[in-house]
Every structure is written in C-alpha cells, then in structure tokens.
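Each chain is listed here by its residues.
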Amino acid sequence: QVQLVESGGGLVQAGGSLRLSCAASGRATSNYNMAWFRQAPGKEREFVAAIRSSGSRYGDFVKGRFTISRDNTKNTLYLQMNSLKPEDTAVYYCAARDGSRWYCRDEYTYWGQGTQVTVSS
C-alpha cells in the first residue's frame, strides 16, 4: 500500500505561483508513474501532469505554466505552478501507480486526499 499526502495549496492572486508537494509513504515510488489531477466544483477530475522514469507529460491547458518533478530520495512528488489563473482553482490530487507506461485517470491505484488551490482575480 502507498499513502499519499498533498500539501502546498492555498490562496494566491492571479499571476502568482504555488508549489504543491505529495509525500508518499509505505513503499518507495521511484519506479511508479505518478501524476497530478484536479477537480473544480461541478466538473470531472481532469489530468494535469504525470511523470515516469522516461519523462513527463501535461494536460493541454498547462501550456508551459506548470512543471512536475520528483525527488526519489524523499519519496516526494512536486508540481510547480506559475502564472496561475482563476480557472486553475480546484482541488489538486496526487495519484500513483506501479508501472512504466502512461495511464488514464481510472487506472491509477493510489490517491491522496487533495489540496485546495484558489486563485483570485
């Protein structure tokens, strides 16, 4: 079992930055595919970014504003978010899955409880 705990959310003005963290415990996740998703009120949970050993990928809306990274020595996943917009307001979730390919949302095994990000205009 893997437990995931997100942190780093908060209230920020449009154009500002936040860095989200996702601390994993229970197992080393260095070989895991890990990802960030987000869910705004009344909307489905959508893909933000994912990372695996061979690289990373992003949702179309990111457009160079976010960067996903990981520190395997700390078993922690990060999401650096810059140039934030009000439409980025959502609960951001960390997800993990043992495996080396890209996965869709419903294929992720482990999920955190989420951290709220609110961007004011």
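Right above here is the structure, for reference.
Draft legend 1. Here's a closer look at the state of the cysteines. Considering all chains together, one arrives at one disulfide under this definition. A sulfur-sulfur distance of 2.1 Å marks the disulfide that ties C22 to C94. On the sign convention where negative means left-handed, the S-S torsion of about -75° between C22 and C94 marks this disulfide as left-handed. Here the residue C22 occupies a position in strand β3 (residues 18-25), and C94 occupies one in strand β9 (residues 90-98), the gap between them amounting to 72 residues.

Draft legend 2. Expanded view of the packing of aromatic side chains. Applying the stated criterion across every chain, the model contains six aromatic pairs. With a centroid separation of 5.5 Å and 75° between ring planes, the pair formed by F37 and Y108 is classed as edge-to-face. Here F37 is found in strand β4 (residues 32-39), whereas its partner Y108 is found in the loop between β9 and β10 (110-111), with 71 residues between them in sequence. You can call F37 buried: its relative accessible area is 2%.

Draft legend 3. Just the side chain of T29, in detail. Here T29 is to be found in the loop between β3 and β4. A residue is classified by how much of its surface remains accessible, and T29, at 2% relative accessible area, is buried.

Draft legend 4. Expanded view of the sheet that holds strand β7 (residues 66-71). Spatially, four strands are ordered β1-β3-β8-β7 in an open sheet, and the strand pairing comes out antiparallel. Each edge of the open sheet is held by one strand with a lone partner, namely β1 (3-7) and β7. Sheet twist, expressed as the average angle between the axes of neighbouring strands with direction ignored, equals 15°. The pairing of β3 with strand β8 (residues 76-81) spans six bridges and is classified as antiparallel. Of the residues in β8, the one forming a bridge with R19 is Q80.

Draft legend 5. Quick look at the pattern of salt bridges. One pass over the full model with this rule turns up six salt bridges. Between R38 and E46 there is a salt bridge, with its nearest N and O atoms 2.6 Å apart. On the basis of relative accessibility, which here comes to 33%, the residue E46 falls in the partly exposed class. One salt bridge in this structure joins R38 and D88, with 2.8 Å as the shortest N-O distance. With R38 in strand β4 and D88 in the loop between β8 and β9, the pair connects residues that are 50 residues apart, well separated along the chain.

Draft legend 6. Region of interest: unusual backbone geometry. Backbone geometry places K63, a non-glycine residue, at a positive phi of 50°. Of note, K63 is situated in the loop between β6 (55-58) and β7. Even without being glycine, S83 reaches a positive phi, approximately 50°. Within the element layout of this structure, S83 appears in the loop between β8 and β9. S83 sits in the partly exposed class, given a relative accessible area of 41%.

Draft legend 7. Looking closely at the environment of Q80. With respect to the helices and strands, Q80 occurs in strand β8. A relative accessible area of 27% places Q80 in the partly exposed class. Taking the C-alpha atoms as reference points, Q80 and V5, separated by 75 residues in sequence, lie 16 Å from one another. Side-chain polar atoms of Q80 contact the side chain of N82, separated by 2.9 Å.

Rules and cut-offs
- Residues numbered from 1 in each chain as written.
- Predicted model: local features only at pLDDT ≥ 70, side-chain atom pairs only at ≥ 80, totals over all residues.
- Heavy atoms only, no water.
- Disulfide = S-S within 2.5 Å.
- Helix = DSSP H or I, 4+ residues; strand = E, 2+ residues; numbered from the N terminus.
- Phe/Tyr/Trp six-rings, centres within 6.5 Å; stacked < 30°, edge-to-face > 60°.
- Buried < 20%, exposed > 50% of the residue type's maximum accessible area, 1.4 Å probe, protein only.
- Pairing = 2+ DSSP bridges.
- Axes fitted to C-alpha atoms, helices over the stretch in contact; angles between N-to-C directions.
- Salt bridge = Lys/Arg side-chain N within 4 Å of Asp/Glu carboxyl O.
- Polar contact = N/O pair within 3.5 Å; in protein donor to acceptor, adjacent residues only side chain to side chain.

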